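A look at the structure
Letter by letter, the chains look like this.
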Amino acid sequence: MSENDGSNPLNVQGAQIGDGNNQYNYFLNSYPQNIVSKTIAQELLDLRAARFFVGEVEPADRAKKFCHKLLDGEYSASADPVRGIALAWCSRVLAYKDIAAAKKSLEEAEKHSGSEEVSIAKAFIASSEGDRSLALSILSKIDTLQSVTACFLVVIHHDTPAEGIEWLKSAGHDFLDLDSDGKFLFISHQLDAGNWDEAFDCVGKLVSQDFEITPVLYFSAALSNLLKAAPEELRSALLRHPPLDASIRLFDDDVSLNSRRLAIRNFLLCSKAAENSGCSQAANIASDYNLWLRLRDTELRTDALDELKASLSDSDHKIRRVPLALQFGIPIDLKQFESEIQQSIVRSGGISTEIALGRLALAFEQNSPKDVAQYVWKYKDQLYQCLDRIYIDSIQIEALSRSGDVDAASSCLTELIEYGLPEAQRLKLENIIAESCGDESIGKYKEQFNRTNELPDLVLLVKKLENLSEWEEMHGYALDLFERTRSLEDAISLAFSIHYCKQPDEVLKFLNENSDFVCQSDQLRGLMAVSYYQLGRFSDAKKELELIEDSKVKDRHKELLVNIAISSGDWESLHHFVEEEWKGRDDANPQSLIRVAKLAQSIGSPRAQHLVESALSKVDDDAEIFIESKSVSMEALD
């Protein structure tokens, strides 16, 4: 295993390094006795804090520069043992990258310090030279948190993360026997392995000093908070970067919302720590997670949108942020963005993941499915360099299918199958091609879901059944979907399926049991009002309608409000309703004005004829409106 174990986007280097949580105050307060020593100690802390973050400078390069200062530069005259400790640390950082430089640093460190850092550096050099047993033997003579972490990292270097974790158990150690660096790597490996509960449990055991010494742990904590609020099937997709799909399901109950907001806080702290360490790439990753989560939060969205719009004017962030802006409906000058992407490729001499994602965002914004397919084809070689080929080709196959070019879609699918397309994804793409040929049978989607039992297939099946208004058939699938995702979107789908195929008391039972979601959705509140009305609970229905804030939802329930007033004999409310509709007549359509005119006539309001005249003023030649208007006028004469 190399130092770069890829356990998450911020964990790139330094897998061989361990230390003890007591070292922070030891360096800055207890040991250094002069300004030079304190400066050395602070730079060492900066090196240690930065080495797990993605940055423009590799940890080994940082260590070489620091080592040069210690051996031949401004720190070389210091006789303070802290210089020896710093040299030992440099040796450890360099051990798996530049063995000659590591040995040179260690040789000088031994002249100034006999600390355990020197012994640990010797162990890493032995490990780098292939002698696992000697490395562990050296470390076995030290009984500290940092020595346990060092053993853990030596085993990982020679074997695998899973074997490193197993070694800890076999040696009688657990998570709390590791220092803060070891804790970070332990959690990272558990997340990579999909051992969610173990990772969550470990994050819960972290203390403030862990974050102080190893600030990348803020990222571990933030990921833990986020993943707790995500369906298990989607968690792996959230480990690397914020998803490209703004509609990806997250749990929306109160407990999960609190967890998401903790993630927002921890991503912000991580971004600040990475920025302070000079690791702008890591800072950007954490910042993007933070912004994406705030955009998903109805209470935080307004400020997040303002921040997103402002970042589009910053050349350092625009390419990275445009895909997010397009997801959330912010208009972008696509031609200008295309030009900026091309210029960035020229300046950097190649394509990066950021640029590839920008290209992909532009593909989705093309005018037609045919244009999408052509765009993906044009830049396919670029996209392959940074993104998964199966994902890119699947986009092209779907676009070709939607454009009606079934032969090209089928040919592309054949090539992708030869490349190694998994069976489940093959079936999905075959269904898309079949649908473009006119086969829209719901049976294909049922077969696909029954075969895979995967969340994306269930989402698609429920959507298809909902579009067809197959409420009875949809109900069971919608219930399964909601139980998996606990998302607001799926709560709404399930509630409406219950409404259309069950009794109103069952709707109320579901909504009362999931009141967290009702508080977030005027659609659900309106459905609750309808159910109360159907059960004759007019007062409760009216209370729910009064809590609705969304004007569009209010408009859809005007007729219900009228029916409640009529059913409960609340004539005063009806007169008030007519007056409010009269005040808003300029924005009302002719049909709604005629309906209100009929109501006004039935309760003896003088606004009836005025409303008719207002309706007629909005049409030139609408026979239905003229007939309805005549009817109201004739009844008024009677």
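That block above? That's the structure.
Residues numbered from 1 in each chain as written. Predicted model: local features only at pLDDT ≥ 70, side-chain atom pairs only at ≥ 80, totals over all residues. Heavy atoms only, no water.

Here we look at the overall build of the protein
Using the following cut-off: Strands here are runs of E lasting at least two residues and helices are runs of H or I lasting at least four, both read from the DSSP assignment and numbered beginning at the N terminus. The globule rule used here is 2.2 Å times the number of residues to the 0.38 power, and the radius of gyration it is set against is calculated over C-alpha atoms. Burial status follows relative accessibility: with a 1.4 Å probe on protein chains alone, a residue under 20% of its type maximum counts as buried, one over 50% as exposed, and anything between as partly exposed. Residues are treated as being in contact if the distance between any of their heavy atoms lies within 4.5 Å.
Helix and strand content of the protein: 38 helices and zero strands. Radius of gyration (C-alpha) of the protein: 32 Å, far over the 26 Å computed for a compact globule of 638 residues. Overall size of the protein, expressed as C-alpha extent along the three principal axes, is 115 × 60 × 45 Å. Within the protein, the proportion of its 638 residues that are buried is 52%. Partitioning the intrachain contacts of the protein with sequence separation of at least 6 by distance along the chain shows that 60% fall at a separation of at least 24.

A look at the packing of helix 8 (residues 145-158) against helix 10 (residues 180-192)
The test is simple: Lines fitted to the C-alpha atoms define the axes, with helices restricted to the stretch that makes contact. Angles between their N-to-C directions range from 0 to 180 degrees. To sort the angles, those under 35 degrees are grouped as roughly parallel, those over 145 as roughly antiparallel, those from 65 to 115 as roughly perpendicular, and the leftovers as oblique. It is the rotation of the near helix from the far one that decides the hand of a crossing: anticlockwise by less than a right angle makes it left-handed, clockwise makes it right-handed. The nonpolar class holds Ala, Val, Leu, Ile, Met, Phe, Trp, Tyr, Cys and Pro. Asp, Glu, Lys and Arg form the charged class, and all remaining residues, Gly among them, are polar.
One can describe the packing of helix 8 onto helix 10 by two numbers: an axis separation of 9 Å at closest approach and a directional angle of 40°. In this view, helix 8 runs oblique relative to helix 10, as classed from their interaxial angle. Handedness of the helix 8/helix 10 crossing: left-handed. Residue-level contacts link Thr-149, Phe-152, Leu-153 and Ile-156 of helix 8 to Gly-182, Leu-185, Phe-186 and His-189 of helix 10. Taken together, the residues of the contact of helix 8 with helix 10 sort by class into five nonpolar, three polar and no charged.

So, the packing of aromatic side chains
Filter applied, for reference: Classification of ring pairs uses Phe, Tyr and Trp, with its six-membered ring standing for Trp, and accepts pairs whose centres are within 6.5 Å; under 30 degrees between planes counts as stacked, over 60 as edge-to-face, and the remaining range as tilted.
Following the criterion strictly, the structure yields 16 aromatic pairs and no others. Taking 5.5 Å as the distance between ring centres and 55° as the angle between the ring planes, the aromatic pair formed by Phe-175 and Phe-186 counts as tilted. You can see Phe-175 sitting in the loop between helix 9 (161-170) and helix 10 and its partner Phe-186 sitting in helix 10, a full eleven residues away along the chain. The pair formed by Phe-175 and Phe-186 is uniform in burial state, with each residue classed as buried. Measuring from ring centre to ring centre gives 4.6 Å for Phe-267 and Tyr-289, while their planes differ by 10°; the resulting arrangement is stacked.

A few points about the environment of Leu-616
Mapped onto the fold, Leu-616 is located in helix 37 (residues 607-616). Residues Leu-616 and Phe-626, spaced ten residues apart in sequence, show a C-alpha to C-alpha distance of 7.2 Å. Excluding anything up to four places from it in sequence, Leu-616 contacts Ile-625, Phe-626 and Ser-629.

Examining the pattern of salt bridges
Here is the rule: Here, a salt bridge means any side-chain nitrogen of Lys or Arg that lies within 4 Å of a carboxyl oxygen of Asp or Glu.
Per the counting criterion, the structure on display carries 42 salt bridges. Close ionic contact of Asp-98 with Lys-64 constitutes a salt bridge, the shortest N to O distance being 3.2 Å. With a gap of 34 residues between them, Asp-98 in the loop between helix 4 (81-94) and helix 5 (99-112) and Lys-64 in helix 3 (residues 59-71) connect regions that are remote in the sequence. Judged by relative accessible area, which is 21%, Asp-98 ranks as partly exposed. Asp-288 serves as the salt-bridge partner of Arg-321, at 2.8 Å between the closest nitrogen and oxygen.

With respect to the packing of helix 9 against helix 10
Closest axis-to-axis distance for the helix 9/helix 10 pair is 10 Å, and the angle between their directions is 125°. As far as their axial angle goes, helix 10 and helix 9 are oblique. Between helix 9 and helix 10 lies a crossing of left-handed hand. Contacts between helix 9 and helix 10 involve Pro-161, Ile-165 and Leu-168 from the former and Phe-186, His-189 and Gln-190 from the latter. For the contact of helix 9 with helix 10, a count of residues per class yields four nonpolar, two polar and no charged.

A closer look at the nonpolar core
Within soluble globular proteins, side chains that are nonpolar generally end up buried alongside one another. For clarity, the threshold we go by: Nonpolar core, defined: a set of buried Ala, Val, Leu, Ile, Met, Phe, Trp, Tyr and Cys residues in which side-chain atoms within 4.5 Å join the residues together.
In this structure, Phe-66, Phe-152, Ile-187, Leu-226 and Phe-267 are the most contacted members of the largest nonpolar core, which totals 177 residues. Aside from chain neighbours lying at most four places away, what touches Leu-226 is Leu-238, Leu-250, Ala-263, Phe-267, Tyr-289, Trp-292 and Leu-293.

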